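Now for the letters of each chain:
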Amino acid sequence: MKTSDGRDHLNVDLSWEDIVWSDPDGGRIVLHGVLPTTVHPQALRPRLEWHALALLEGPEIEDVWQLEEESEKESPGINLASSILGGGIDSAMIEDLTQLEEIQTGRFPDPEPRRLHRLALRHNRPVYCIEPTLDDSDWEEQRTLEAKVSTHWRKLLGMVRIGKKWKKAVKVRIFDAVPPPKNVPRDMATASVLTAAWWDLTESRITPELSKARDLRFAKRLRGALAVERAQHGDDATLILPMVQTWRPSILAMLETNPEPEEIISSTGPSDRQEEE
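Keep in mind it's a predicted model, so treat the numbers as computed, not measured.

Definitions and cut-offs
- Residues numbered from 1 in each chain as written.
- Predicted model: local features only at pLDDT ≥ 70, side-chain atom pairs only at ≥ 80, totals over all residues.
- Heavy atoms only, no water.
- 1 Å grid on protein atoms, 1.4 Å probe; cavity = no way out; pocket = protein on both sides within 12 Å on 5 of 7 lines; lining within 4 Å.
- Points joined across faces, edges and corners; volume = space filled by probe spheres on them.
- Helix = DSSP H or I, 4+ residues; strand = E, 2+ residues; numbered from the N terminus.
- Nonpolar A, V, L, I, M, F, W, Y, C, P; charged D, E, K, R; others polar.
- Axes fitted to C-alpha atoms, helices over the stretch in contact; angles between N-to-C directions.
- Parallel < 35°, antiparallel > 145°, perpendicular 65-115°, else oblique.
- Contact = heavy atoms within 4.5 Å.
- pLDDT = per-residue confidence, 0-100.
- Salt bridge = Lys/Arg side-chain N within 4 Å of Asp/Glu carboxyl O.
- Buried < 20%, exposed > 50% of the residue type's maximum accessible area, 1.4 Å probe, protein only.
- Pairing = 2+ DSSP bridges.
- Phe/Tyr/Trp six-rings, centres within 6.5 Å; stacked < 30°, edge-to-face > 60°.

By volume, the largest pocket amounts to about 1,300 Å³. If you trace the largest pocket, you find 36 residues lining it, with Glu57, Asp90, Trp198, Trp199 and Val244 closest to the centre. Secondary structure elements with two or more residues in the lining of the largest pocket: helix 1 (61-74), helix 3 (88-97), helix 5 (137-150), helix 8 (187-203), helix 9 (208-233) and strand 5 (238-244). If one sorts the elements of the lining of the largest pocket by residue count, helix 5 sits on top with five residues. Of the residues in the lining of the largest pocket, the class split is 21 nonpolar, four polar and eleven charged.

Structure below.
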């Protein structure tokens, strides 16, 4: 089977259970699958104890979330409207998500990562923003290469026909749907398929080599974050990572290569403490 861009289709795990990776040096990383802009029912929320939160974002995400919350207070629904009017792959996914009646979607900030972020702040748990900043020369080169590839004229031309590509991507992913647990709305399975199609098209903007390089760098920094927590909590150290459900196998594959941990420090935005008061 092929993806919408013609590459071999992987049997990406759309299961609802969290993926737990045990570090050979001790501790574990919990890959908690989330669906963008979607509120997760209680039955799909992590129940294990964790010591720190990791986000596959840069430090600016914390301020972005606060700005989205402030704008929602002033004009409810403004972020959703902006996302839909923005066009492209994101708009196609969100438009279809918001047609689902059994679940809450189209919510900003991204509900599940933000919920875990609030918990981390409330209980004074470290937050690790895994994406490097652009003053990191290697990461700057990575992002430059991604931008160069994604803005190639062939890629841009493909965006003109995004409606047709979107429908095809969704049809491909329908075969990977996994029914949600008991007492969880079946629309969550549909949302999972839509998210998988969105992820396929998003990743098709760059090359598999660039995707692997990005995921390897993230795996190194995740191991670095876990190493910090292991120094305090020993082999029980647990790092929770909310991430797009269909991205998990790629990150897991890189973690399983046991890359050299990269030093990283926890980071929280200056406005978050005030927000929790």
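After that view of the structure, there is still more to cover.
The N-to-C vectors of helix 1 and helix 2 (residues 78-85) enclose an angle of 110°; their axes lie 8 Å apart at closest approach. Overall, the two elements helix 1 and helix 2 adopt an arrangement that is roughly perpendicular. Residues Glu68, Ser71 and Glu72 of helix 1 touch helix 2, and the partners they reach there are Ile78, Asn79 and Leu80.

Considering every residue of the protein, the mean pLDDT works out to 90; 89% of them sit at 70 or more. Segment residues 1-12 is flagged for pLDDT under 50; beyond a separation of four residues in sequence, or across chains, it makes 28 contacts in the model. Confidence over residues 269-277 falls short of pLDDT 50; this stretch has 17 contacts with residues more than four positions distant or in other chains.

Applying the stated criterion across every chain yields a total of 14 salt bridges. Across the pair Arg217 and Asp136 runs a salt bridge, and its minimum N-O distance is 2.6 Å. One end of the pair, Arg217, is in helix 9; the other, Asp136, is in the loop between strand 4 (127-129) and helix 5, with 81 residues separating them in the sequence. Given a relative accessible area of 13%, Arg217 falls into the buried group. For Glu203, the salt bridge is made with Arg214, and the minimal N-O distance between the two is 2.8 Å. Residue Glu203 is located in helix 8, and its partner Arg214 is located in helix 9; the two are separated by eleven residues in the primary sequence. Pair check on accessibility: Glu203 and Arg214 agree, each one buried. Overlapping salt bridges bring together Asp23, Asp25, Arg223 and Arg230 as one network.

Our focus in this paragraph is the pairing of strand 3 (residues 52-55). Side-chain alternation along strand 3 places Ala52 and Ala54 on one buried face and Leu53 and Leu55 on a second face that is also buried. Bridge analysis of strand 3 against strand 4 gives three bridges, and the strand direction is parallel. Within strand 4, the position partnered with Leu53 by the bridge is Val127.

So, on to the sheet that holds strand 4. Overall, mixed pairing links the five strands, which are arranged 1-2-5-3-4 in an open sheet. With one partner strand each, in any of the chains shown, strand 1 (19-22) and strand 4 form the two edges of the open sheet. This sheet shows a mean twist of 25° between the axes of neighbouring strands, independent of strand direction. Of the strand pairs in this sheet, strand 2 (residues 28-34) and strand 5 are connected by seven bridges, and their pairing is parallel. From the neighbouring strand, Gly33 faces strand 5, where its bridge partner is Met243.

A few words on the packing of aromatic side chains. Each pair of aromatic rings is reported with the distance of its centres and the angle of its planes. Applying the stated criterion across every chain, the model contains four aromatic pairs. On the numbers, 5.5 Å between centres and 35° between planes, the contact of Trp139 with Phe218 is tilted. In this pair, Trp139 is assigned in helix 5 and Phe218 in helix 9, connecting sequence segments 79 residues apart. The same class applies to Trp139 and to Phe218, which are both buried. Ring centres of Phe218 and Trp247 lie 6.1 Å apart, and the angle between their planes is 55°; this geometry places the pair in the tilted category. You can see Phe218 sitting in helix 9 and its partner Trp247 sitting in the loop between strand 5 and helix 10 (248-255), a full 29 residues away along the chain. By relative accessible area, Trp247 is classed as buried at 10%. Three or more aromatic residues link up through ring pairs in this structure, and these residues are Trp139, Trp198, Trp199, Phe218 and Trp247.

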